[in-house]
Amino acid sequence: MKKIQMVDLKGQYEQIKTVVNNSIQEVLETTTFINGPKVHEFQKNLENYLGVKHVIPCANGTDALQIAMMGLGLKPGDEVITADFTFAATVEVIALLNLTPVLVDVNPDDFNINIEAVKKAITPKTKAIVPVHLFGQCANMEALMDLAKEHNLYVIEDNAQGIGAKYTNSKGEKAMSGTIGHVASTSFFPSKNLGCYGDGGAIFTNDDDLAHTLRGIVNHGMYERYHHDVVGVNSRLDSIQAAVLDAKLPHLDKYNNARRNAARVYNKVFANHPNITTPKTVNGCESICDTCDCHVFHQYTLKIENADRDALVKHLNSKGIPCGVYYPIPLHKQKAYLDSRYDEANFKVTNQLVKEVISLPMHTELDNEQIAFITETIIDFVDNN
Ligand SMILES: *Cc1c(COP(=O)(O)O)cnc(C)c1O
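Quick caveat, the model's predicted, so the values are computed rather than measured.

**Some details on the sheet that holds strand β14 (residues 357–360)**
Consider a sheet: its strands pair through backbone hydrogen bonds, and that pairing is either parallel or antiparallel.
Thought 1: Spatially, β12-β13-β14 is the arrangement adopted by the 3 strands of the open sheet, whose pairing is antiparallel. The outermost strands of the open sheet, each flanked by one partner alone, are β12 (276–277) and β14.
Thought 2: Bridge count for strand β13 (residues 300–304) against β14 is 4 bridges, and the pairing is antiparallel. By the bridge assignment for β14, Lys303 is matched with Val357.
Thought 3: Helix-sheet contacts for helix α9 (residues 252–270) involve β12, β13 and β14, and the interaxial angle to β13 is about 15 degrees.
Thought 4: Lying over the sheet, helix α10 (residues 309–318) contacts β13 and β14, oriented at roughly 20 degrees with respect to β14.

**Observations regarding helix α1 (residues 9–30)**
Thought 1: In a regular helix each residue adds 1.5 Å, so 22 residues correspond to 32 Å; α1 covers only 27 Å between its end C-alpha atoms and thus falls short of that length.
Thought 2: Within α1, burial applies to Gly11, Gln12, Tyr13, Ile16, Val20, Ser23, Ile24 and Val27.
Thought 3: Thr31, located one to two residues past α1, shows a positive phi value of around 50 degrees.

**Quick word on the site of the ligand**
Thought 1: Surveying the vicinity of the ligand reveals the residues Asn60, Gly61, Thr62, Thr86, Phe87, Ala89, Val132, Asp158, Ala160, Gln161, Ser187 and Lys192.
Thought 2: Between an oxygen atom of the ligand and a main-chain N or O atom of Gly61, the distance comes to 2.8 Å.
Thought 3: Between Ser187 and the ligand, the recorded distance is 2.7 Å, taken from a side-chain N or O atom to an oxygen atom.
Thought 4: Computed on the free molecule, the ligand has an accessible area of 380 Å², of which 91% lies beneath the protein chains in the complex.
Thought 5: Split into classes, the residues belonging to the shell around the ligand amount to 4 nonpolar, 6 polar and 2 charged.

**Section: the sheet that holds strand β5 (residues 154–158)**
Thought 1: Across the sheet, which stays open at both edges, the 7 strands sit in the order β1-β9-β8-β5-β4-β2-β3 with mixed pairing between neighbours. Two strands close off the open sheet at either side, each with one partner strand: β1 (54–58) and β3 (100–104). Across the sheet, the axes of successive neighbouring strands diverge by a mean angle of 25 degrees, strand direction being ignored.
Thought 2: Strand contacts of helix α2 (residues 37–50): β1 and β9 (201–205), with the helix running at about 135 degrees to β1, the strand carrying the most contacts.
Thought 3: Of the strands in this sheet, β1, β4 (126–130), β5, β8 (183–187) and β9 are in contact with helix α3 (residues 61–71), which crosses β8 at around 165 degrees.

**Quick word on the pairing of β3**
Thought 1: β3 sits mainly inside the fold: 5 of its 5 residues count as buried.
Thought 2: Taking every second residue as pointing to the same face, both faces of β3 are buried, with Thr100, Val102 and Val104 on one and Pro101 and Leu103 on the other.
Thought 3: Crossover handedness for the path strand β2 (residues 79–83) to helix α4 (residues 89–96) to β3: right-handed.

**Regarding the environment of Ile34**
Thought 1: For Ile34, the position within the fold is in the loop between α1 and α2.
Thought 2: Residue classification places Ile34 among the partly exposed positions, given a relative accessible area of 44%.
Thought 3: Sequence spacing of Ile34 and Ser239 is 205 residues, and the spatial spacing of their C-alpha atoms is 5.6 Å.

**Considering the domain arrangement of the protein chain**
How big an interface is tends to be expressed through the accessible area that disappears when the partners come together.
Thought 1: If you check the domain split of the protein chain, you get domain 1 (9–250) and domain 2 (252–384).
Thought 2: For domain 1 versus domain 2, the separation of C-alpha centres amounts to 24 Å.
Thought 3: If you look at the interface, domain 1 gives 49 residues, while domain 2 gives 37 residues.
Thought 4: At the boundary of domain 1 and domain 2, one finds 1 salt bridge.

**Quick look at the nonpolar core**
Thought 1: Grouped together as the largest cluster of nonpolar side chains are 30 residues, with contacts concentrated most on Ile81, Phe85, Val104, Ile113, Val118 and Leu144.
Thought 2: Mapped by element, the contributors of at least two residues to this core are β2, β3, α5 (115–121), α6 (141–151) and α11 (348–356).
Thought 3: Composition of this core by domain shows at least three residues from each of domain 1 (9–250) and domain 2 (252–384).
Thought 4: Not counting chain neighbours up to four residues away, the residues in contact with Leu144 comprise Ile113, Ile115, Val118, Ile129, Pro131, Ala139 and Val155.

Rules behind the numbers
Residues numbered from 1 in each chain as written. Predicted model: local features only at pLDDT ≥ 70, side-chain atom pairs only at ≥ 80, totals over all residues. Heavy atoms only, no water. Pairing = 2+ DSSP bridges. Helix = DSSP H or I, 4+ residues; strand = E, 2+ residues; numbered from the N terminus. Contact = heavy atoms within 4.5 Å. Axes fitted to C-alpha atoms, helices over the stretch in contact; angles between N-to-C directions. Expected span 1.5 Å × (residues − 1). Buried < 20%, exposed > 50% of the residue type's maximum accessible area, 1.4 Å probe, protein only. Near = heavy atom within 4 Å. Polar contact = N/O pair within 3.5 Å; in protein donor to acceptor, adjacent residues only side chain to side chain. Areas by Shrake-Rupley, 256 points an atom, 1.4 Å probe, with all protein chains shown as cover. Nonpolar A, V, L, I, M, F, W, Y, C, P; charged D, E, K, R; others polar. Right-handed = clockwise from strand over helix to strand, strands pointing away. Domains from an automatic or database assignment. Salt bridge = Lys/Arg side-chain N within 4 Å of Asp/Glu carboxyl O. Core = buried A, V, L, I, M, F, W, Y, C linked by side-chain atoms within 4.5 Å.

Quick look at the structure:
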């Protein structure tokens, strides 16, 4: 059996080596390392893939979120609602811009932001909601967009984990994740579903004016050479990263399919186990059907009940099976984001999830022999401890 990895970037690279190498070589030959034609090509190709009017490439997913918030003109003191159960980048940029983060609880089954909790958190100061499409499945965008309309709020999709996922609303209409809110951010960190070989990110929007504003912000607030109209940042996707991404983009659907296939095998083995809960697919799909793009499984995350999750992690590692706990601490309990206004009673789900979740190896090169070894090892541990 091949060594099991959490993410197998080498195995994936081997399959597309020639295309990636040629694409990088082109950049080397032209030495257009910054803002070269590859960046523009990739931007256009991603716009087409997503069906979105504007993709604004930038340096990473955290910058993408920050720049999106800057572009919307959010002001210090404005409240921004986001999920308590996510990677810290989301709340970090809110705090960094002197906006007020308002963390709310998530759903126990799909791990995404809880709509009732959002409703309760809206005040006259609320200006935006940041749903995170956690682990590769969209938050309830329909309900969020309705709330946004009603209360005149912006919706900023953190799509770092959801690229390529489709969202289906109650009328059966489909849209790509990251194209539904007013603006969205994504990350091309190597382990993301569409990853480059360094850092990278992008912002998406269908709003022409906002796109114009964002293009200036990523470039020192410059709209005309050496005229700085607003305070901006320096956040660029470099041409070599764009070359890698442009070579990988045509494979994204295939990669996401491979992830879904692995998820299906995992689901089947763990189905009906009394102490193991498999991740629930929502948004118009109750199982991971053959044509379904509802979930792109950035992570495959189980909940382990009545067994020692931390001991399971140790046991798996000792058997050569890597795994992850995303996320071990709720954001509202992180030192940097403590706020005396938070009431523990409002974070019941996150407080429980951090004790139960475990994410299994998930990538495009996972084979059935590896999956069988992983699942047998887990079931054996849970049944006998
Ligand atoms: C990875 C990630 C980010 C940050 O992306 P970087 O490119 O590492 O800055 C933001 N939000 C979520 C949910 C992520 O998973």
